[in-house]
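Residue strings, one per chain:
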Amino acid sequence: DDIIKMVDEAMECRAEAKKNEFYLDPKLALGCDMALYMAQFPQVYSGYDKNGIPLFFSKPAKMNIDAVEAITTLQGIIKFHW
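Residues numbered from 1 in each chain as written. Predicted model: local features only at pLDDT ≥ 70, side-chain atom pairs only at ≥ 80, totals over all residues. Heavy atoms only, no water.

Caption draft 1: Here's a closer look at the overall build of the protein. Looking only at helices and strands, the protein features five helices and two strands. In sequence order, the secondary structure elements of the protein are arranged as α-α-α-β-β-α-α. Sorting the 82 residues of the protein into buried and exposed places 18% on the buried side. Split by element, the accessible area of the protein, about 6,500 Å² in all, is 59% carbon and sulfur. (Helix = DSSP H or I, 4+ residues; strand = E, 2+ residues; numbered from the N terminus. Buried < 20%, exposed > 50% of the residue type's maximum accessible area, 1.4 Å probe, protein only. Areas by Shrake-Rupley, 256 points an atom, 1.4 Å probe, with all protein chains shown as cover.)

In structure tokens, the structure reads:
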């Protein structure tokens, strides 16, 4: 039951992003230039999995948390990673 509830909640949450074309503009999603964000939180997309989903790798240990908090919001980060 909990799993079904979580899936339903995720679908509702993603419906908003889908209406906005999955936030194709990173600057719009983050509220700052993507290069600035990437300099503070190293990450890369590298190819696609067998379902066509982009493969994402990040280095959270290298993240400059203070800088990220100064340039964007948690909601901006979530929008960016749709």
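Caption draft 2: Summary view of the nonpolar core. In this structure, Ala-29, Leu-30, Cys-32, Tyr-37, Phe-41, Val-68, Ile-77 and Phe-80 together form the largest nonpolar core, which totals eight residues. Among the elements of the structure, helix H2 (26–30) and helix H5 (74–80) are those that each provide at least two residues to this core. In contact with Leu-30, not counting residues within four places along its chain, are Tyr-37, Ile-71, Thr-72, Gly-76, Ile-77 and Phe-80. (Core = buried A, V, L, I, M, F, W, Y, C linked by side-chain atoms within 4.5 Å. Contact = heavy atoms within 4.5 Å.)

Caption draft 3: Local environment of the side chain of Gln-40. Secondary-structure assignment places Gln-40 in helix H3 (residues 34–40). Excluding residues within four positions of it along the chain, Gln-40 makes contact with Lys-62, Met-63, Asn-64, Ala-67, Val-68 and Ile-71.

Caption draft 4: Summary view of the packing of aromatic side chains. Summed over all chains, the structure comprises two aromatic pairs. Taken together, a centroid distance of 6.0 Å and an interplanar angle of 80 degrees make the contact between Tyr-37 and Phe-41 edge-to-face. Considered together, Tyr-37 and Phe-41 belong to a single accessibility category, that of buried residues. Here the aromatic rings of Tyr-37 and Phe-80 are separated by 5.3 Å at their centres, their planes lie at 70 degrees, and the arrangement is edge-to-face. Taken together, the positions of Tyr-37 in helix H3 and Phe-80 in helix H5 put the pair 43 residues apart, joining distant regions of the chain. Per residue, the accessibility class of Tyr-37 equals that of Phe-80, and both read buried. (Phe/Tyr/Trp six-rings, centres within 6.5 Å; stacked < 30°, edge-to-face > 60°.)

Caption draft 5: Representation of a nonpolar patch on the surface within the structure. On the surface, a nonpolar cluster with roughly 330 Å² of combined accessible area is contributed by Ile-3, Val-7 and Met-11. Among the secondary structure elements, Ile-3 is positioned in helix H1 (residues 2–19). Owing to a relative accessible area of 65%, Ile-3 belongs among the exposed residues under this scheme. (Patch = residues over 30% accessible without salt bridge, like charges linked within 9 Å, V, L, I, M, F, W, Y side chains within 5 Å. Salt bridge = Lys/Arg side-chain N within 4 Å of Asp/Glu carboxyl O.)

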